Amino acid sequence: MSILNKIKENAKKNKKKIVLPEGSEPRTLRAVEIVTKEGIADLVLLGNENEIKNAAKGIDISKAEIIDPLKSDKFDLYVNKFYEMRKNKGITIEDAKKAIADTMYYGCMMVKLGDADGMVSGAIHPTADLFRPAFQIVKTAPGVKVVSSAFIMEVPDCPYGSDGVFVFADCAVNPLPDEEELAAIAIASAKTAKVLVGIEPRVAMLSFSTKGSGKHELVDKVRNATEIAKKLAPDILIDGEMQLDAAIIKEVGELKAPGSPVAGKANVLIFPDLQSGNIGYKLVQRLAKANAIGPVSQGIGAPINDLSRGCSVDDIVNVIAITALQAMQ
Ligand SMILES: CC(C)(COP(=O)(O)OP(=O)(O)OC[C@H]1O[C@@H](n2cnc3c(N)ncnc32)[C@H](O)[C@@H]1OP(=O)(O)O)[C@@H](O)C(=O)NCCC(=O)NCCS
Ligand SMILES: CC(=O)OP(=O)(O)O
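Residues numbered from 1 in each chain as written. Chains lettered and ligands numbered in written order. Predicted model: local features only at pLDDT ≥ 70, side-chain atom pairs only at ≥ 80, totals over all residues. Heavy atoms only, no water.

An unreviewed UniProt entry annotates the protein as Phosphate acetyltransferase of Aceticella autotrophica. Per UniProt, the protein carries the Pathway (unreviewed entry) text "Metabolic intermediate biosynthesis; acetyl-CoA biosynthesis; acetyl-CoA from acetate: step 2/2." (UniProt positions renumbered as here; feature names shortened; annotations may be inferred.)

Printed below as a string of structure tokens:
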């Protein structure tokens, strides 16, 4: 059974309520039909009811709940909660009303207050529009330094990684992680590989250099991050710095990083910054025709996940299933 089918089957065992703030977005509505028909999750669509119903003509969304934040009897409660959370940042009650009228903020507040188990958005909003309210309302999970994101990559006809399955991070959130943040991203991604994907993580800290072959402060940063991650999580197989070929191809790994427990067999690839991470996953997705599942949020206080604006209907179904599964953990 494919990873996705496993995730969907597990999600069905204990149906969770997932809120979708982009309530009238056409791909989202088609995903709603599939998710509710297959029984993967219960869904809430946010937005103006007429707009949602018009956009859904010919699509069966009858099993989903629709909430218009502006007409909701929870509106004032959410406004007051948000005001209390952010008043020390200088916001007024009017600012709080404006925020909660935005479906992204309303959805995050539903999750925060237990009115939904998770949230998925981002088919028409850029990533920052989702993560800002998520950071402000849900915040990071206890003990987590930084929220990051990972893609589960299924590369067809690929002998590398775990039979073509990889976790790539960070591809969506942190533009320029420092050494500690990079280490935290590596540890969080190993957990995603183990818990969500069910593979034993072998984490490569990627660079343009392998074990000192290149000299630059950017290389030093990846090497230092590797040491920090190893100290923080001695039970995880992490190594670096290394180039992508040394990380995934046995012969190159043996040549460039002899004795490494990870080189040549890495299945978790940690990119040094968001430029390389975001470009890297899209290259593999588009040129190698990989299934890119995500971005899956890591280290956030509740299951809130983004989509790429280039997502397909199936991508949305997949991220909803993952979010439901995260809500069970
Ligand atoms: C995610 C992002 C919006 C955060 O932006 P930011 O400018 O740091 O946000 P703000 O300064 O408004 O911070 C908002 C809050 O989030 C917190 N925060 C920011 N980044 C965080 C992170 N990675 N983890 C946890 N908290 C974070 C801040 O500490 C702040 O908290 P506070 O307001 O309670 O003090 C920004 O990093 C970003 O745009 N990233 C790139 C997204 C992107 O374009 N991806 C490519 C396509 S997927
Ligand atoms: C993850 C990602 O790259 O998102 P978008 O394509 O929406 O920018």
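Caption draft 1: Region of the structure containing the overall build of the protein. Scanning the protein from terminus to terminus reveals 13 helices and 11 strands. The C-alpha atoms of the protein give a radius of gyration of 20 Å, which matches the 20 Å a tight globule of 329 residues would have. In terms of principal-axis extent, the alpha carbons of the protein reach across some 65 × 45 × 30 Å. Out of the 329 residues in the protein, the part that is buried amounts to 56%. A separation threshold of at least 6 residues defines the contact pool for the protein, and within that pool the share at least 24 residues apart is 70%. As displayed, the protein offers around 14700 Å² of accessible surface, 52% of which is attributable to carbon and sulfur atoms. A distance of 2 Å separates the average location of the 41 positive side-chain charges in the protein from that of its 42 negative side-chain charges. (Helix = DSSP H or I, 4+ residues; strand = E, 2+ residues; numbered from the N terminus. Rg over C-alpha atoms; globule rule 2.2 N^0.38 Å. Buried < 20%, exposed > 50% of the residue type's maximum accessible area, 1.4 Å probe, protein only. Contact = heavy atoms within 4.5 Å. Areas by Shrake-Rupley, 256 points an atom, 1.4 Å probe, with all protein chains shown as cover. Lys, Arg positive; Asp, Glu negative; His and termini not counted. Charge placed at Lys NZ, Arg CZ, Asp CG, Glu CD.)

Caption draft 2: Looking closely at the UniProt feature "domain: Phosphate acetyl/butaryl transferase" (unreviewed entry) in the protein. The feature "domain: Phosphate acetyl/butaryl transferase" (unreviewed entry), as given by UniProt, occupies residues 3-324 in the numbering adopted here. End C-alpha to end C-alpha, residues 3-324 measures 15 Å, and it is 45% helix and 16% strand.

Caption draft 3: The pattern of salt bridges, seen in detail. One pass over the full model with this rule turns up 17 salt bridges. For the salt bridge of Glu49 with Lys53, the shortest nitrogen-to-oxygen distance reads 2.8 Å. On the criterion of helical spacing, the pair formed by Glu49 and Lys53 is a turn pair, its members being four residues apart in helix H3 (residues 49-55). A salt bridge links Lys97 to Glu94; the nearest nitrogen and oxygen atoms lie 3.7 Å apart. Within this pair, Lys97 and its partner Glu94 are both found in helix H5 (residues 93-101), separated by three residues, close to a single helical turn. The class of Lys97 is partly exposed, set by a relative accessible area of 35%. Note on Glu94: relative accessible area 49%, which makes it partly exposed. One salt-bridge network, held together by shared partners, links Lys211, Glu227, Lys230 and Asp239. (Salt bridge = Lys/Arg side-chain N within 4 Å of Asp/Glu carboxyl O.)

Caption draft 4: Region of the structure containing the site of ligand 2. Near ligand 2 the following residues occur: Thr127, Asn278, Tyr281, Lys282, Leu307, Ser308 and Arg309. Between ligand 2 and Ser308 there is a distance of 2.7 Å, counted from an oxygen atom to a side-chain nitrogen or oxygen. For ligand 2, an oxygen atom lies 2.7 Å from a polar atom in the backbone of Arg309. For ligand 2, whose accessible area on its own is 260 Å², the fraction buried by protein is 87%. Top contributing element to the shell around ligand 2 by residue count: helix H12 (residues 274-287), with three residues. Grouping the constituent residues of the shell around ligand 2 by class yields two nonpolar, three polar and two charged. (Near = heavy atom within 4 Å. Polar contact = N/O pair within 3.5 Å; in protein donor to acceptor, adjacent residues only side chain to side chain. Nonpolar A, V, L, I, M, F, W, Y, C, P; charged D, E, K, R; others polar.)

Caption draft 5: Spatial organisation of the packing of aromatic side chains. One pass over the full model with this rule turns up six aromatic pairs. Grouped by ring-pair contacts, the aromatic residues Phe166, Phe168 and Phe271 constitute a single cluster. (Phe/Tyr/Trp six-rings, centres within 6.5 Å; stacked < 30°, edge-to-face > 60°.)

Caption draft 6: Focus on a nonpolar patch on the surface. Taken together, Ile279, Leu283 and Leu287 make up a surface patch of nonpolar side chains, about 330 Å² in accessible area. Here Leu283 is to be found in helix H12. A relative accessible area of 46% means that Leu283 is categorised as partly exposed. (Patch = residues over 30% accessible without salt bridge, like charges linked within 9 Å, V, L, I, M, F, W, Y side chains within 5 Å.)

Caption draft 7: Structural context of the nonpolar core. One finds Leu43, Val203, Met205, Ile270 and Ile320 to be the most contacted residues of the largest nonpolar core, which totals 60 residues. Each residue touching Ile270, except ones within four places of it in the same chain, is listed here: Ala169, Leu182, Ile185, Ala186, Ser189, Val203, Ala204, Met205 and Leu206. Membership of the second largest hydrophobic core comes to 32 residues, among which are Val44, Tyr78, Tyr106 and Ala172. (Core = buried A, V, L, I, M, F, W, Y, C linked by side-chain atoms within 4.5 Å.)

Caption draft 8: Representation of the site of ligand 1 within the structure. Neighbouring ligand 1 are 16 residues, the closest being Lys89, Thr127, Ala172, Val173 and Asn174. The separation between an oxygen atom of ligand 1 and a polar side-chain atom of Lys89 is 2.7 Å. A distance of 2.9 Å separates a nitrogen atom of ligand 1 from a polar atom in the backbone of Val147. Compared with its free state, where it exposes 940 Å², ligand 1 has 61% of that area covered by protein.

Caption draft 9: Representation of the sheet that holds strand S7 (residues 202-206) within the structure. With mixed pairing, the six strands of this open sheet are ordered in space as S8-S7-S9-S6-S5-S10. The open sheet has two edge strands, strand S8 (237-242) and strand S10 (291-298), and neither has a second partner. Averaged over neighbouring strand pairs, the angle between their axes works out to 20° when direction is ignored. Relative to S8, S7 runs parallel, the two being bridged by five bridges. Note that in S8 the partner of Val203 across the bridge is Ile238. Seen against the sheet, helix H9 (residues 217-232) touches S7 and S8 and runs at an angle of roughly 170° to S8. (Pairing = 2+ DSSP bridges. Axes fitted to C-alpha atoms, helices over the stretch in contact; angles between N-to-C directions.)

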